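# Structural characterization, general
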Amino acid sequence: FVPGGSPEDARQAEAAGVDGVFVGDHVTFYGSGSDALMKLAPIAAVTERIELQTCVYLLALRHPTPVALQAAQLDQLARGRLVMGIGIGGEDPNEWWACGVDPKTRARRTDESMQVLRSLWTQEETSFEGKYFKLDKVRMRPKPFRAGGVTMQAGGRSDAALRRTARYADGWT
């Protein structure tokens, strides 16, 4: 199945026994963009069983509060099938600068953002004070379909990615 294909392609993939769809994410990677959550939404709408995963979502390019809401709404639509594979990318520094993010901060921003997501998904009210993000008594609804929130997997090949997995994620991709 090629993400971005027709709803019929997604139905056929599920009927053929495909277990999951993994969608990449970039805002402007050497000039091309593809929002993983937007690509997974129509697939979620026409399938019932197939796992839907961002692989990997460049969370640090965005503020975590709207991402938490978008992911929660998508997870509701998917009835708990969303998995957020989250990574720090970095192959195209211009992508980061285009979003107003210093590429040197992407790892720390990702760590903070993952903490914010988990709290917004599982707590009635979130207060957070980090270097990059500050929230004061933020309430967010809807929550994800699953009580523990959307499954998060950290992606990457470095020791730092493995530490991120242990500290903030449910698994590694």
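Scroll up to find the structure this text is about.
Residues numbered from 1 in each chain as written. Predicted model: local features only at pLDDT ≥ 70, side-chain atom pairs only at ≥ 80, totals over all residues. Heavy atoms only, no water.

A word on the layout of surface pockets. Reported here for the largest pocket is a volume of approximately 350 Å³. In terms of lining, the largest pocket is formed by 18 residues, of which the most central are Val56, Gly89, Glu91, Gly156 and Arg157. Broken down by secondary-structure element, the contributors of at least two residues to the lining of the largest pocket are β4 (51-57) and α6 (159-168). By residue class, the composition of the lining of the largest pocket is 5 nonpolar, 8 polar and 5 charged. (1 Å grid on protein atoms, 1.4 Å probe; cavity = no way out; pocket = protein on both sides within 12 Å on 5 of 7 lines; lining within 4 Å. Points joined across faces, edges and corners; volume = space filled by probe spheres on them. Helix = DSSP H or I, 4+ residues; strand = E, 2+ residues; numbered from the N terminus. Nonpolar A, V, L, I, M, F, W, Y, C, P; charged D, E, K, R; others polar.)

We now examine the nonpolar core. Counting residues in hydrophobic clusters, the biggest one holds 35 residues, and the most contacted among them are Leu40, Leu82, Met84, Leu117 and Trp121. Within the residue set of this core, elements represented by two or more residues are β1 (20-23), α2 (36-46), β4, α3 (64-78), β5 (82-86), α5 (106-122) and β8 (151-154). In terms of residues, this core owes the most to one element, α3, which gives 6 residues. Aside from chain neighbours lying at most four places away, what touches Leu117 is Leu59, Pro64, Val67, Ala68, Ile86 and Met152. Among the nonpolar cores identified, the runner-up in size contains 5 residues, and Leu58, Ala60, Leu61 and Trp96 belong to it. (Core = buried A, V, L, I, M, F, W, Y, C linked by side-chain atoms within 4.5 Å. Buried < 20%, exposed > 50% of the residue type's maximum accessible area, 1.4 Å probe, protein only. Contact = heavy atoms within 4.5 Å.)

What follows is about α5. Each full turn of the α-helix corresponds to 3.6 residues, which orients residues three or four apart in the same direction. The end-to-end C-alpha separation of α5 is 24 Å, in line with the 24 Å expected for 17 residues at 1.5 Å each. Inspection of α5 places Arg109, Thr110, Asp111, Glu112, Ser113, Met114, Val116, Leu117, Ser119, Leu120 and Trp121 among the buried residues, and these make up the whole buried set. (Expected span 1.5 Å × (residues − 1).)

Now for the pattern of salt bridges. This model, assessed by the stated rule, comprises 10 salt bridges. Salt-bridge contacts for Glu125 lead to Arg139; the nearest nitrogen and oxygen are separated by 3.7 Å. Here the residue Glu125 occupies a position in the loop between α5 and β6 (126-129), and Arg139 occupies one in the loop between β7 (134-138) and β8, the gap between them amounting to 14 residues. You can call Glu125 partly exposed: its relative accessible area is 37%. Under the relative-accessibility criterion, Arg139 is labelled exposed at 59%. Each of Glu124, Glu125, Arg139 and Arg141 takes part in a single network of salt bridges with overlapping partners. (Salt bridge = Lys/Arg side-chain N within 4 Å of Asp/Glu carboxyl O.)

Moving on: the packing of aromatic side chains. In the structure shown here, the tally under the stated rule is 1 aromatic pair. With a centroid separation of 4.8 Å and 70 degrees between ring planes, the pair formed by Phe29 and Tyr30 is classed as edge-to-face. (Phe/Tyr/Trp six-rings, centres within 6.5 Å; stacked < 30°, edge-to-face > 60°.)

Remember, this is a structural readout, not a statement about activity or role.
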